[in-house]
Amino acid sequence: MGRRRQGETKNGRAAAETTEQVASESRTDRLRIRAAWMYFVEQMTQNEIADVLGVGRVSIVRMLADARSRNEVKISIESELSEIVRLERALERTFGLQQALVAPLSAPNADPIPAISAKTGSFLSDTMKSGMRVGVGWGRTLFSSLPFISAKSLTDFKVISLLGGVGVVRRFNPAEFAWRFAQIFQGDGYLIPTPAVVDSVETKIALVERCGLQEVFEMANVLDAVLLSVGGIASATTFSRGGFLKEADREALLARGAVGDLLFHFFDRNGDLVDHPVNSHVMSVDVDRLRKAPIRILTSGGAEKTEALLGAMNLIAPTILITDEESARRMLEAHAAQGSP
């Protein structure tokens, strides 16, 4: 009986030691994998990892070496990803951007808007901070980015619509985008409750000075960021701007060299505003004020917008460009073929 109990005690001790050893190895494995993730994926320094994990730097060096020797870390650069990075760097160098974000497409002829919108939403989720004043434009790309923005509560966050409303309520009403964007971050929205285009300069001045819009326009002088998209005019189908502009306007703008618009400011390939009444009748913040914002985000793409995107590089001088891979290639090829204006 005594021998059996003694044997049971030894077996129990051995089992306990085995359990502790497995648990210890499991903790070591998890710690090693966490260290490898922080170093290779999150790009943290060895000292930073040591502080987070509560171990010495020498231990981190050993863990990383063990992870490599165990083939737990495999570093590779996929060809598709490499091409995207190449395009981003080429855009940054060519157009003097702080950052270019290029969305991959499933096929060259795929609709680029969903991909660009998803990339835009992700970027805005990380970029928007408390205390910011953000001026926003409108369009299909911006509207489609809303579902991809992570909602969070930001304090003292203000969104200013940079353009008046459209006459017919359609899917991309600029006022709707502005207030929904503000709502995502539980911020305050400031709108321009007027038509996008009025009949004369006198009407524009009267609305701004006598109808309480001066404050909204003055807020555009102290914006932290602007979020914009460009429109093309080559196609009559994409030219409709809420019913304000007609085919005769499009033809007249084309004759004057217009390639696109930014908040109804129509410009040519060089980024210069064309000589047309619409540029003085539009109820939107002028381009000079927009260029004062330290963060200027331009998000657009599509075959019909290549010239508009090139012109916008000079017109607004964006700091951030978000587009798709096919649009990026077209921009670079067109710029190389035509040269800098």
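Residues numbered from 1 in each chain as written. Predicted model: local features only at pLDDT ≥ 70, side-chain atom pairs only at ≥ 80, totals over all residues. Heavy atoms only, no water.

**A closer look at the packing of aromatic side chains**
So, point 1. Taken as a whole, this structure holds seven aromatic pairs when the rule is applied.
So, point 2. Residues F157 and F181 carry aromatic rings whose centres are separated by 6.4 Å and whose planes lie at 55 degrees to one another, so their mutual orientation is tilted. Within this pair, whereas F157 is found in the loop between α6 (140-145) and β3 (158-161), its partner F181 is found in helix α7 (residues 174-184), the two being separated by 24 residues in sequence. Of the two residues, F157 and F181, neither departs from the other in class, the shared state being buried.
So, point 3. One aromatic cluster is present, formed by F157, F177, F181 and F185 through successive ring pairs. (Phe/Tyr/Trp six-rings, centres within 6.5 Å; stacked < 30°, edge-to-face > 60°. Helix = DSSP H or I, 4+ residues; strand = E, 2+ residues; numbered from the N terminus. Buried < 20%, exposed > 50% of the residue type's maximum accessible area, 1.4 Å probe, protein only.)

**A few points about the pairing of strand β1 (residues 99-103)**
So, point 1. Extensive coverage of β1 is indicated by the burial of four of its five residues.
So, point 2. Across five bridges, the pairing between β1 and strand β10 (residues 320-324) is parallel. When the bridges of β10 are listed, A100 appears paired with L321. (Pairing = 2+ DSSP bridges.)

**Brief notes about the nonpolar core**
So, point 1. One finds L91, L228, L262, F264, L290 and L298 to be the most contacted residues of the largest nonpolar core, which totals 57 residues.
So, point 2. If one sorts the elements of this core by residue count, helix α14 (residues 306-315) sits on top with six residues.
So, point 3. Ranked by size, the runner-up nonpolar core spans 26 residues in total, among them L101, L146, L154 and A225. (Core = buried A, V, L, I, M, F, W, Y, C linked by side-chain atoms within 4.5 Å.)

**Thoughts on the sheet that holds strand β5 (residues 225-228)**
So, point 1. Taking strand neighbours across the sheet as the criterion, the seven strands line up as β1-β10-β9-β5-β2-β3-β4 in an open arrangement whose pairing is parallel. Whereas interior strands pair on both sides, the edge strands pair on one side only; in this sheet they are β1 and β4 (188-190). The average undirected angle you get between the axes of adjacent strands in this sheet is 15 degrees.
So, point 2. Note: β5 against strand β9 (residues 295-299), four bridges, orientation parallel. When the sheet's bridge partners are listed, L227 is paired in β9 with I297. (Axes fitted to C-alpha atoms, helices over the stretch in contact; angles between N-to-C directions.)

**Digging into the confidence of the model for the chain**
So, point 1. Across the chain, pLDDT averages 83, with 82% of residues at or above 70.
So, point 2. Per-element averaging of pLDDT across the chain places helix α10 (residues 236-239) at the bottom with 50 and β9 at the top with 98. (pLDDT = per-residue confidence, 0-100.)

**Brief notes about the packing of helix α2 (residues 46-53) against helix α3 (residues 57-69)**
So, point 1. Contact pair α2 / α3: the axes reach a minimum separation of 9 Å and the direction vectors enclose 105 degrees. In this view, α2 runs roughly perpendicular relative to α3, as classed from their interaxial angle. Counted together, Q46, N47, I49, A50 and L53 of α2 and R57, I60, V61 and L64 of α3 form the full contact between these two elements.
So, point 2. Its residues placed into classes, the contact of α2 with α3 shows six nonpolar, two polar and one charged. (Parallel < 35°, antiparallel > 145°, perpendicular 65-115°, else oblique. Contact = heavy atoms within 4.5 Å. Nonpolar A, V, L, I, M, F, W, Y, C, P; charged D, E, K, R; others polar.)

**Overview of the sheet that holds strand β6 (residues 231-232)**
The strands making up a sheet associate through backbone hydrogen bonding, with each pair oriented either parallel or antiparallel.
So, point 1. Strand order in the open sheet made by the three strands is β6-β7-β8, with antiparallel pairing throughout. Both edges of this open sheet fall to β6 and β8 (265-268), since each of them pairs with a single strand only.
So, point 2. Inspection of the sheet shows strand β7 (residues 258-262) paired to β8 by four bridges, in the antiparallel sense. Bridge assignment links A258 to a residue of β8, and that residue is D268.
So, point 3. In the packing of α14 onto the sheet, the strands contacted are β6, β7 and β8, and the crossing angle to β8 comes to about 100 degrees.

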